[in-house]
Structure formats: structure tokens, C-alpha cells
Amino acid sequence: MSAHPEPVIRLHNLTLAYDRHPAVHHLSGTLKAGSLTAIAGPNGAGKSTLMKAIVGELKPAEGRIEHRLGRTEIGYLPQAAEINRRFPIDVLDTVLLGDWKASGAFGRVRHAAMERARQALQTVGLDGFEKRPIGSLSAGQFQRVLFARLLLQDARVILLDEPFTAIDARTTRDLLEIVASWHGEGRTVVAVLHDFDQVRSHFPETLLIARELIGWGPTEEVMAPENLMRARAMAERFDENAEVCEPAA
Ligand code: ADP
Ligand code: MG
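The structure presented is a predicted model; accordingly, all values stated were derived computationally and were not measured.

Another aspect to go through is the pattern of salt bridges. All told, the structure shown has 11 salt bridges when counted by the stated rule. Taking the shortest distance from any N to any O, the salt bridge between Glu-115 and Arg-118 comes out at 3.2 Å. Here Glu-115 pairs with Arg-118, and both are found in helix 3 (residues 107–123), just three residues apart, close to one helical turn. Of the charged contacts in the structure, one is a salt bridge between Arg-144 and Asp-174, with a shortest N-O distance of 3.0 Å. Of the two residues, Arg-144 sits in helix 4 (residues 139–153) while Asp-174 sits in helix 5 (residues 169–184), which places them 30 residues apart along the sequence.

This part covers the packing of aromatic side chains. Under the definition given, this model contains two aromatic pairs. With a centroid separation of 5.5 Å and an interplanar angle of 15°, the aromatic rings of Phe-147 and Trp-182 are classed as stacked. Placement of Phe-147 in helix 4 and of Trp-182 in helix 5 is noted, with a sequence separation of 35 residues between them. For the residue pair Phe-147 and Trp-182, the accessibility class agrees, reading buried in each case.

The next subject is the layout of surface pockets. Looking at the largest pocket, its volume works out to about 440 Å³. Looking at the lining of the largest pocket, the elements with two or more residues in it are helix 1 (47–55), strand 5 (74–77) and helix 4. Partitioned by chemical class, the residues of the lining of the largest pocket number 11 nonpolar, six polar and four charged.

Attention now moves to the coordination of the magnesium ion (ligand 2). Looking at the magnesium ion (ligand 2), one finds its protein donor set to be Ser-48 (OG) and Gln-79 (OE1), positioned 2.1 to 2.3 Å from the metal centre. With Ser-48 in helix 1 and Gln-79 in the loop between strand 5 and helix 2 (91–96), this residue pair connects regions lying 31 residues apart in the sequence. Residue classification places Gln-79 among the partly exposed positions, given a relative accessible area of 25%.

What counts and what doesn't
Residues numbered from 1 in each chain as written. Chains lettered and ligands numbered in written order. Predicted model: local features only at pLDDT ≥ 70, side-chain atom pairs only at ≥ 80, totals over all residues. Heavy atoms only, no water. Salt bridge = Lys/Arg side-chain N within 4 Å of Asp/Glu carboxyl O. Helix = DSSP H or I, 4+ residues; strand = E, 2+ residues; numbered from the N terminus. Phe/Tyr/Trp six-rings, centres within 6.5 Å; stacked < 30°, edge-to-face > 60°. Buried < 20%, exposed > 50% of the residue type's maximum accessible area, 1.4 Å probe, protein only. 1 Å grid on protein atoms, 1.4 Å probe; cavity = no way out; pocket = protein on both sides within 12 Å on 5 of 7 lines; lining within 4 Å. Points joined across faces, edges and corners; volume = space filled by probe spheres on them. Nonpolar A, V, L, I, M, F, W, Y, C, P; charged D, E, K, R; others polar. Donors = N, O, S within 2.8 Å, 3.2 Å for Na, K, Ca; no water.

Next up, the structure:
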């Protein structure tokens, strides 16, 4: 996969809201093709909201998101809490969900997809786990399955929402290698992260938000102490932003 010269995703004065209650204000900037970007910011800063808007799950209240990617060209791993693991499905079938063309297919198409799914499981270190129900896996193993599914999807842009939260150190290290290989293949990768050491050592670019943009650019510049202090100070005021929902006293 070759790097694309033009920007993949552009945000224009983007405001995102739930029920008219803004979670992200007036965000503008460019996600460059082939970049590897961390999204950092305090709890409630709008990081997950921004990812949902980029994948099209949330319509902007104001402004717009510009890109020419089809639905299958954006791979998205939601925050862990949003994925139901009680669903009675095995590991191989979960990985196969990553291949949009093969889902529901039979015969040769499905067979080829199954081969690719087995290879993806090997890549994430889960050889032999094909028939295991996903409910029987550890958190780290399940995250490996979801990365295998992304490998199968083969998307140009990959969005990961807190992929390493509550994940053991060894799995995190292995999955960071996969992230690096996606970057090496010219894909555009964005990950919401809480661990600033991880951000600094693995992500060249950072988008720091606290409901509004604090900084977006080279990680060393964006993660400067004064920016982090500003983000923290803004987070302390999040509660005061309840303008729309406040009942009349
Ligand atoms: P982060 O991922 O940075 O922790 P979120 O994007 O999840 O933050 O949330 C940003 C704000 O939007 C928070 O105040 C949160 O309570 C609110 N929010 C998130 N999801 C919803 C929702 N489905 N309905 C209403 N408010 C929401
Ligand atoms: Mg979140």
C-alpha cells in the first residue's frame, strides 16, 4: 500500500453534540495520509465522540468532516465497554466479520476468507484458537481477536479507541507492533491513548483535546507541559458546560 499524497480526513469547524449538548467544539485540522496519530485528553474530553463522528455514527451539529473513504475503508475498534462478548460466536467467525465481502458468502470466496482469517490469527498469536467461544477469552486474547478482524478488513484508515486499556503488557507490546506495521504499510492509524509514555514512544503525531482543540501536530510539541496543564484545567470546568440541559431554577 503506497502513501497517499493528499490529506485523508479534514475537520472543518466541527462541533459534535448529544441532544444539543456539545461534546466537541469548533475543531479544525487535517489528518494526513499515512500518519500515525494519538488522541489524548482527559476523561469526557470528546475523544470517543470524535471517533464516532469520523466513522459516521454521529452527525455533526455544526461544521463538517471531509473525506472520500467508503464505509469499508475505515476500520474502527470501539472502546472495550461497548462490545458485547456474551454473543455466542467463535473466534474464527468473529475474525471473518472483518471481511465485508465474505460475510454471507459461500464456497470459494468464504474459503479464501477463512484462510486469511487463520493467517490473521497467527499474526496476532492466536493459532489454534479458531473454535473458542469469544466469551471464554481473556481481555488480552479478545483484543488480539479484534486486531485480527482489523487485519482482515485491510482498511486504509484505522481508528482504535483505547485499544490497550485493561490489556496486559505483553499483548500491548504485540499489538503495538501490529500498529507499527500498519503505519509501515502506509495506512493512516489513529488511537485514543491514556498512557503518555506510549504516546511519546510510538506515536509521531498527537491530537490533544479537552472538548476543544489544545494542540495537533508533532507529539513532542503537543504534549508539552503547558498544554497538558491547560487540558487538565479545562477538564475541571467540564461540568459547567451544562447550559442546554440545565432546568430553570
Ligand atoms: P472521552 O472518550 O474523551 O472520555 P466521550 O467522547 O465519551 O469522552 O464523551 C464526551 C462527552 O459527551 C461527555 O460529557 C459524555 O458524558 C458525553 N457523551 C458521550 N456519549 C454520550 C451519549 N451517547 N449521550 C449523551 N452524552 C454522551
Ligand atoms: Mg472514550
